[in-house]
Amino acid sequence: MSHRLPTPPVPDLARARGETVSELTDWFTDYFNREGAPFNYRRATKAIRAAYKGFHRLHLLTASCSLEKTAIGRSSNADVVNVAAPFAFGRSTQVFDLSPRKFAFGRERRAAYRIPFLFVENGIIHIYYLQPRKSAGPDFDEMCMIATIMKTFLLDTEFYGQPCDVEFVDVGAPLGSRDRLARRYSLRDLTLWTERRLTDRLSIISEALDAVSSSDRVLRHPRAWSRPEPEMPLFD
């Protein structure tokens, strides 16, 4: 049986585990069959976007998280804002967006970038990426894969010749810790993948996704996908 399955966003492609098509097929099968979380981090992400637009009042930024429907959603979003938003404070940054687009790879596959905004600071264009998961987020090498995709397919194509960088903020809890720790990375902190390594990895991921789609191991109704956010055109 063949299923029309959505392509996971770039950060989920990066954190897929397995070195063979078979191993990755197992990982993506579990990914699609897994129950989704009872909340997401969109409110926190939008609050942090507001911080980079110049709104530097932390108590008001976290207050927006009170609109989450569940207690864990409210507390988790507020935690992310508390540790990530202060990176914007005391800085002069201008937020902007590109037109909606996705990352194209494999055979007609298109993955969401999960980029909430871009910003300019001191004449340098930055892609902002937030890693909000407390656990099971991309590790350092997987973060480098994400950075390679964003630099190669957005910064180098849209802003060729202009000074560019990324600002990746990871607010996950380190292994063995119960508390979130905010870490910020720029391109100089990350080890970009070679073109060959990225091409090979995307090829095997694409094969695995094709295998999952043509198998009968995925439930009829895989995880629900949230509606696109009009104010974050590179997010979904």
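Cut-offs applied
Residues numbered from 1 in each chain as written. Predicted model: local features only at pLDDT ≥ 70, side-chain atom pairs only at ≥ 80, totals over all residues. Heavy atoms only, no water. Helix = DSSP H or I, 4+ residues; strand = E, 2+ residues; numbered from the N terminus. Buried < 20%, exposed > 50% of the residue type's maximum accessible area, 1.4 Å probe, protein only. Pairing = 2+ DSSP bridges. Axes fitted to C-alpha atoms, helices over the stretch in contact; angles between N-to-C directions. Salt bridge = Lys/Arg side-chain N within 4 Å of Asp/Glu carboxyl O. Core = buried A, V, L, I, M, F, W, Y, C linked by side-chain atoms within 4.5 Å. Contact = heavy atoms within 4.5 Å. Parallel < 35°, antiparallel > 145°, perpendicular 65-115°, else oblique. Left-handed = near helix turned anticlockwise from the far one by under 90°. Nonpolar A, V, L, I, M, F, W, Y, C, P; charged D, E, K, R; others polar.

(A) Molecular detail of the environment of K53. For K53, the location among the structural elements is in the loop between α3 (42-52) and α4 (58-63). The exposure class assigned to K53 is exposed, which follows from its relative accessible area of 55%. Separated by 41 residues in sequence, K53 and Q94 have C-alpha atoms that sit 6.1 Å apart.

(B) Quick peek at the sheet that holds strand β1 (residues 94-96). Pairing in this open sheet of five strands is mixed, and the strands run β1-β4-β5-β6-β7 from one edge to the other. A strand with exactly one partner marks an edge of an open sheet, and here the two such strands are β1 and β7 (183-185). Within the sheet, the average angular offset between the axes of one strand and its neighbour, ignoring direction, is 30 degrees. By the bridge criterion, three bridges tie β1 to strand β4 (residues 117-121) in an arrangement that is antiparallel. Its bridge partner lying in β4, F96 is registered against L118.

(C) Layout of the pattern of salt bridges. In this structure the tally under the stated criterion is 21 salt bridges. Taking the shortest distance from any N to any O, the salt bridge between R34 and D30 comes out at 2.7 Å. R34 gets classed as partly exposed once you look at its relative accessible area, which sits at 31%. Classification of D30 as partly exposed rests on a relative accessible area of 43%. Residue E167 is joined to R184 by a salt bridge in which the shortest nitrogen-to-oxygen separation is 3.9 Å. Of the two residues, E167 is situated in strand β6 (residues 164-170) and R184 in strand β7; the sequence distance between them amounts to 17 residues. Look at R184 and you get partly exposed, because its relative accessible area is 38%. Look at the salt bridges and you will find they share partners, linking R42, K46, R114, E229 and D236 into a network.

(D) Layout of the nonpolar core. One finds F28, F168 and I205 to be the most contacted residues of the largest nonpolar core, which totals 45 residues. Contributing elements (two or more residues each) for this core: α1 (10-14), α2 (21-33), β2 (103-105), β5 (124-131), α6 (140-158), β6 and α7 (195-213). No other element matches α6, which puts nine residues into this core. The contact partners of I205, leaving out residues within four places of it in the chain, are L13, L24, F28, F105 and M145. Core analysis: the next-biggest nonpolar cluster, separate from the first, contains 21 residues, F39, A44, Y52 and C65 among them.

(E) Structural detail: the packing of α2 against α7. Closest axis-to-axis distance for the α2/α7 pair is 8 Å, and the angle between their directions is 60 degrees. Relative to α7, α2 is oriented oblique. Considering only the axes of α2 and α7, their crossing is right-handed. Along the contact surface, α2 presents V21, L24, T25, F28, T29 and F32, while α7 presents R201, I204, I205, E207, A208, L209, A211 and V212. Taken together, the residues of the contact of α2 with α7 sort by class into 10 nonpolar, two polar and two charged.

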